[in-house]
Each structure stands twice: as C-alpha cells, then as structure tokens.
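Notes for the structure review
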Amino acid sequence: MSRTAWTLFLLFLPASLGLLRQVIWGDGLSHQFLALGFLLFCIDQARMAVVDLDHIAAVQIQVTDARLKRFYWVTVSTIVIELVGFYAASILLGWGAMVVLLSQVWFNLCAGIQLQPTAAQVIRPQGISGRSLVLAGDIIGLLLVGLWMQGIAPLGISLLLCSMAIVYGLVKYILPLKLKSP
C-alpha cells in the first residue's frame, strides 16, 4: 500500500470506528441503520480518496493540463470536508451526514473532469449534466437526512438510506465482478 493510502486509511479510521460504535450501541434501530449506511459510505469514500489521488498522480505523469491543478484542489477540499463530516457523524450523526453529503455535492458541482489514466483520453471533460444522476442522489440523501433529523418516519428513512448505501456498493463493486466472470 502506498504512503497516500496509509495516510488516508489512518485519517478515516477513527471516524469509521466512531460510526461502528453507533451501529452497535446507537440510540435505537433508526440511528443504528443510518450509522451503518454512513459507515459503509465512509469506507467507500476512503477508498475513493486514494483512487482519486492516485489517478491525479498517474495523469500528471502523462500530461500537463491546467485542469489537473483545479481537480486536485477540489479533490483535496472534498476529502477534508468529508473527514470533518464523518468525524462529526461519529458524534452527531445527522449533522455529520449532512456535511458528508454536502461534500459530495461540492465535488460533483466543481470537479469538471473525469480522470482515466489507462484510457487514450486520460482527461475527459464532465460537466454538471454528466453528473446529474449522482447530484440528484446526493440531494435526495440530504433531504432524507433532514427528514430523519426532524423525526419524520426515522426508521423508514434510515432503512431507505442504508439500503441506498448497500445498493450503491453492490452496483459499484459486485456488479462489475459479475460482468467480468465467464
């Protein structure tokens, strides 16, 4: 594992442990399910932070492009906001979840490009319209967490958000494996 990967693992670990504590000893099922969903998301975002920074480093070796500097700062600022959100969520679950989801909105509004270090075109422009489904999911998540914080159908909302995190993980990690197998 690279130094970047270890550093990010160590930065995300305490927040993950705080969320795991809430999954086990949270204040009721609603709280526990929401904490589980955000624990899964925390693990995924730690991995994505490593992937994004590795992609930036790989693409910088291949091309010189001013957009990379902006993408780097958007990525780093997103990671910082995510960490603040995950740490806050380990103490105040709803508010921390809002910060994490706002970090996703920030990234998807500001990124502007997508990096593919092994493709012929390593930097691909991707505007807001290319990220509209992800942005819609982030905004729906924000609205649902807001409703959960207001005590409106908390168990149903936390189950829905946890299910969204599980389906996201299955689509992102398991489905590609199924498509590759003979």
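Above: the structure in question.
To keep things clear, this report deals only with the structure shown in the data block. Along each chain, numbering runs from 1 in the same order as the chain's sequence is written. Residue-level local features of this predicted model are given only where pLDDT is at least 70; pairs of side-chain atoms are given and counted only at 80 or more, and the full residue set underlies all totals for whole chains, interfaces and linings. The side-chain quantities take in all heavy atoms of the structure and omit both hydrogens and water.

**Overview of the overall build of the protein**
Only DSSP runs of H or I reaching four residues or more are called helices, and only runs of E reaching two or more are called strands; each is numbered from the N terminus. What the protein contains, in helices and strands, is 6 helices and 2 strands. Walking the protein from its N terminus toward its C terminus, one meets helices and strands in the order α-α-α-α-β-β-α-α. Put simply, the radius of gyration uses C-alpha atoms, and a globule should come to 2.2 Å times the residue count raised to 0.38. Here the C-alpha atoms of the protein give a radius of gyration of 17 Å, agreeing with the 16 Å that 2.2 N^0.38 yields for 182 residues. Principal-axis analysis of the C-alpha atoms gives the protein an extent of 50 × 40 × 30 Å. Three labels apply to residues, based on accessible area from a 1.4 Å probe with only protein chains included: buried if under 20% of the type maximum, exposed if over 50%, partly exposed otherwise in between. The burial tally for the protein puts 42% of its 182 residues in the buried class. By definition, residues are in contact when any of their heavy atoms lie within 4.5 Å. If you take every contact in the protein between residues at least 6 apart in sequence, the share linking residues at least 24 apart comes to 66%. All accessible areas in this document rest on Shrake-Rupley with a 1.4 Å probe, and a residue is counted as covered only by the protein chains that are shown. With an accessible surface of roughly 10200 Å², the protein has 73% of that area assigned to carbon and sulfur atoms.

**Digging into the nonpolar core**
For our purposes a nonpolar core is just a set of buried Ala, Val, Leu, Ile, Met, Phe, Trp, Tyr and Cys residues, chained together by side-chain atoms within 4.5 Å. Grouped together as the largest cluster of nonpolar side chains are 45 residues, with contacts concentrated most on F12, L19, F38, F86 and L115. Those elements that place two or more of their residues in this core are helix 1 (3–25), helix 2 (29–62), helix 3 (66–89), helix 4 (93–110), strand 1 (113–115), helix 5 (132–149) and helix 6 (154–180). At 12 residues, the largest contribution of residues to this core is made by helix 2. Here L19 is in contact with A35, F38, L39, C42, F86, A89, S90 and L93, once residues within four sequence places are set aside.

**Notes on the environment of Y168**
Considering the arrangement of structural elements, one finds Y168 in helix 6. Y168 gets classed as partly exposed once you look at its relative accessible area, which sits at 35%. Considered as a pair, Y168 and K178 are 10 residues apart in the sequence and their alpha carbons are 15 Å apart. Discounting residues that sit within four places of it in the chain, Y168 has contacts with F41, D44 and Q45.

**Points about the packing of aromatic side chains**
Working definition: a ring pair exists when centres of Phe, Tyr or Trp rings (six-membered ring for Trp) sit within 6.5 Å. Plane angles under 30 degrees give stacked, over 60 give edge-to-face, the rest tilted. Per the counting criterion, the structure on display carries 7 aromatic pairs. Here the aromatic residues F12, F38, F41, F86 and Y168 are joined through ring pairs into a cluster of three or more.

**A word on the pattern of salt bridges**
When a carboxyl oxygen of Asp or Glu lies within 4 Å of a side-chain nitrogen of Lys or Arg, that pair is called a salt bridge. Across all of its chains, the model carries 2 salt bridges by this definition. Linking D44 and K172 is a salt bridge whose minimum nitrogen-to-oxygen distance equals 3.1 Å. Placement of D44 in helix 2 and of K172 in helix 6 is noted, with a sequence separation of 128 residues between them. D65 serves as the salt-bridge partner of R67, at 2.7 Å between the closest nitrogen and oxygen. Take D65: its relative accessible area is 23%, and that puts it in the partly exposed class.

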